[in-house]
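# Observations on the three-dimensional arrangement
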Amino acid sequence: MKFDKLGLNNQLESGLDMMGFEKATPIQEKAIPIILQGKDLIACAQTGTGKTAAFVLPILSLLSEKKQENKVKALIIAPTRELAKQIDMQIEGFSYYTNSSSYPIYGGGTGPEFENQKQALIKGTDIIICTPGRLMAHLKFNYFDTNSIDYLILDEADRMLDMGFYDDIIKIADKLPKKRQTLLFSATMPPKIRELANKLLKNPENISL
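I will try to describe carefully the structure that is included in this document. The structure displayed is predicted, hence computed values, not measured ones.

Right, let's talk about the packing of aromatic side chains for a bit. Scanning the entire structure with this criterion turns up 4 aromatic pairs. Centre to centre, the rings of Phe55 and Phe185 are 5.2 Å apart; their planes meet at 55 degrees, and the pair counts as tilted. Here the residue Phe55 occupies a position in helix 3 (residues 51-64), and Phe185 occupies one in strand 6 (residues 181-186), the gap between them amounting to 130 residues. Judged by its relative accessible area of 0%, Phe55 falls in the buried class. With a centroid separation of 5.1 Å and an interplanar angle of 80 degrees, the aromatic rings of Tyr96 and Tyr97 are classed as edge-to-face. Looking at Tyr96, the relative accessible area reads 65%, which means it is exposed.

Put into structure tokens, the structure is as follows:
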């Protein structure tokens, strides 16, 4: 299936064509229409199946239809700094043909890097990609206004729970608007993931590959 049949906006479709993307992967084919419909989603898919684009593309498409504001609209939580950086790089590539911006937030950096992250949260980068621990460090202060967030995406959720981030994810979610779209992507679906999904998602669609 070509991307032009999945419901993405024309600007993003044109960008994908110019980048040489023609055929959607199975996870993209199934997830993108559901996300564009505004539904919550639980998706079980292995790494390497194109799942990052499965949530990045529809989020960029939805953001392009909103009025531009200097506020954070989407929050993507990933287990490691490496994955956060990887997702940010993919967003940079896909968003080249849109007006959306992104910024990665993770630990292990210097004082100036923490300040740059703070400014991204204050000034309102459209998409923030973060690790749970680092975001919690920023949330201890009151400069990050989370009321504008429309989308919460948990990537590699099972790995985050294995690393002990369950409580942090719940605390982060509690600070977000109740009215939001929540997407959960995981390679496996153990009971703890189902428990997390039941707490955070509302009437979610399910995809398992």
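In space, the 7 strands of this open sheet follow the order 3-4-2-5-6-1-7, with parallel pairing throughout. Among the strands making up the open sheet, the edge pair consists of strand 3 (102-105) and strand 7 (205-208). On average, adjacent strands in this sheet sit at an angle of 15 degrees to one another, irrespective of strand direction. Both strand 3 and strand 4 (residues 127-130) contribute to a ladder of 4 bridges, which runs parallel. Within the sheet, the bridge partner assigned to Ser102 lies in strand 4 and is Ile127. On the sheet, helix 4 (residues 81-94) packs against strand 2 (74-77), strand 3 and strand 4 and is oriented at approximately 175 degrees with respect to strand 3. Helix 9 (residues 191-200) contacts strand 1 (41-44), strand 5 (151-154), strand 6 and strand 7 of the sheet and is inclined by roughly 170 degrees relative to strand 6.

Another point: the pairing of strand 4. Where burial is concerned, the two faces of strand 4 agree: the one with Ile127 and Ile129 and the one with Ile128 and Cys130 are both buried. Pairing geometry for strand 2 and strand 4, over 4 bridges, is parallel. Directly across from Ile77, in strand 4, lies its bridge partner Cys130.

Looking now at the side chain of Gln28. Structurally, Gln28 is set in helix 2 (residues 26-36). There is a polar contact of 3.0 Å between the side chain of Gln28 and the backbone nitrogen of Thr25. The contacts of Gln28, once residues within four sequence positions are left out, are Phe3, Leu6, Pro33, Gly50, Ala53 and Ala54.

The rules we used
Residues numbered from 1 in each chain as written. Predicted model: local features only at pLDDT ≥ 70, side-chain atom pairs only at ≥ 80, totals over all residues. Heavy atoms only, no water. Phe/Tyr/Trp six-rings, centres within 6.5 Å; stacked < 30°, edge-to-face > 60°. Helix = DSSP H or I, 4+ residues; strand = E, 2+ residues; numbered from the N terminus. Buried < 20%, exposed > 50% of the residue type's maximum accessible area, 1.4 Å probe, protein only. Pairing = 2+ DSSP bridges. Axes fitted to C-alpha atoms, helices over the stretch in contact; angles between N-to-C directions. Contact = heavy atoms within 4.5 Å. Polar contact = N/O pair within 3.5 Å; in protein donor to acceptor, adjacent residues only side chain to side chain.

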